Structure formats: structure tokens, C-alpha cells
Amino acid sequence: MVGGLYLLALLLVFATVGRQSVPRRERTDLRSWTLRDVYYNVRRGVIVLGEHGPSYPALDGAAGPSAQRTR
């Protein structure tokens, strides 16, 4: 029960972010949303939030020159 409510709240956050990322004149009215609109807004919200996440350095370049011994 709690997991379902958490998932619903998470989808609501993603849908809200996705809707806000669209220009105002291109947005659909909330009353006329269908499941397809919810899906695309959630998908757009995940993309928007994914682009603003932390960036991690490449794992293959972890052993840089400071880790090598010089003579």
C-alpha cells in the first residue's frame, strides 16, 4: 500500500516537471489529460531531471597521472 502511494507520488512529480518543461501555449489542459499525456509528461520529466543530475568522471580514467609512480 505504502509502496503504491510512493510510486504514485513519484509519477506525479515527474508528470508535473514534464508538464512545466513545455511552453505554456503548447501544454494540454489538466482536465483533458489522457493516459498517453500522462505517459509522455512522465517521460519528459524523467529526461529533464536526468539531465540535471550529478556528472561522474569516467571510470576508465580513474588511475590518473597522480596515481602513477615517477622516478
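I will try to describe carefully the structure that is included in this document. (Residues numbered from 1 in each chain as written. Predicted model: local features only at pLDDT ≥ 70, side-chain atom pairs only at ≥ 80, totals over all residues. Heavy atoms only, no water.)

## Topic: the overall build of the protein chain
Thought 1: Check the secondary structure of the protein chain and you find 2 helices and 0 strands.
Thought 2: Within the protein chain, buried positions represent 14% of all 71 residues. (Helix = DSSP H or I, 4+ residues; strand = E, 2+ residues; numbered from the N terminus. Buried < 20%, exposed > 50% of the residue type's maximum accessible area, 1.4 Å probe, protein only.)

## Thoughts on the packing of aromatic side chains
Thought 1: Tallied over the full model, the rule gives 1 aromatic pair.
Thought 2: Geometrically, the ring pair formed by Tyr 39 and Tyr 40 is edge-to-face, given 5.2 Å between the ring centres and 65° between the ring planes. (Phe/Tyr/Trp six-rings, centres within 6.5 Å; stacked < 30°, edge-to-face > 60°.)

## Structural notes on helix α1 (residues 2–20)
Thought 1: Between its first and last C-alpha, α1 extends 27 Å over 19 residues, near the 27 Å set by a 1.5 Å rise per residue.
Thought 2: Taken together, the buried positions of α1 are occupied by Phe 14, Ala 15, Gly 18 and Arg 19. The arc that holds every buried residue of α1, seen down its axis, measures 135°, which confines them to one face. Residues of α1 that are exposed and point more than 90 degrees away from the buried face comprise Val 2, Leu 5, Tyr 6 and Leu 12.
Thought 3: In the core, the buried residues of α1 are packed alongside α2 (35–51). (Expected span 1.5 Å × (residues − 1). Arc of directions from axis to C-beta. Contact = heavy atoms within 4.5 Å.)

## A word on the environment of Val 38
Thought 1: Relative to the helices and strands, Val 38 is located in helix α2.
Thought 2: A sequence separation of 24 residues divides Val 38 from Phe 14, and the C-alpha atoms of the two residues are 9.4 Å apart.

## Describing the packing of α1 against α2
Thought 1: Viewed as axis vectors pointing N to C, α1 and α2 meet at an angle of 80°, and their least axial separation amounts to 6 Å. For the element pair α1 / α2, the angle class is roughly perpendicular. Here α1 contributes Leu 11, Phe 14, Ala 15, Val 17, Gly 18 and Arg 19 to the contact with α2, which in turn contributes Asn 41, Val 42, Arg 44, Gly 45, Val 46, Val 48 and Leu 49.
Thought 2: Its residues placed into classes, the contact of α1 with α2 shows 8 nonpolar, 3 polar and 2 charged. (Axes fitted to C-alpha atoms, helices over the stretch in contact; angles between N-to-C directions. Parallel < 35°, antiparallel > 145°, perpendicular 65-115°, else oblique. Nonpolar A, V, L, I, M, F, W, Y, C, P; charged D, E, K, R; others polar.)

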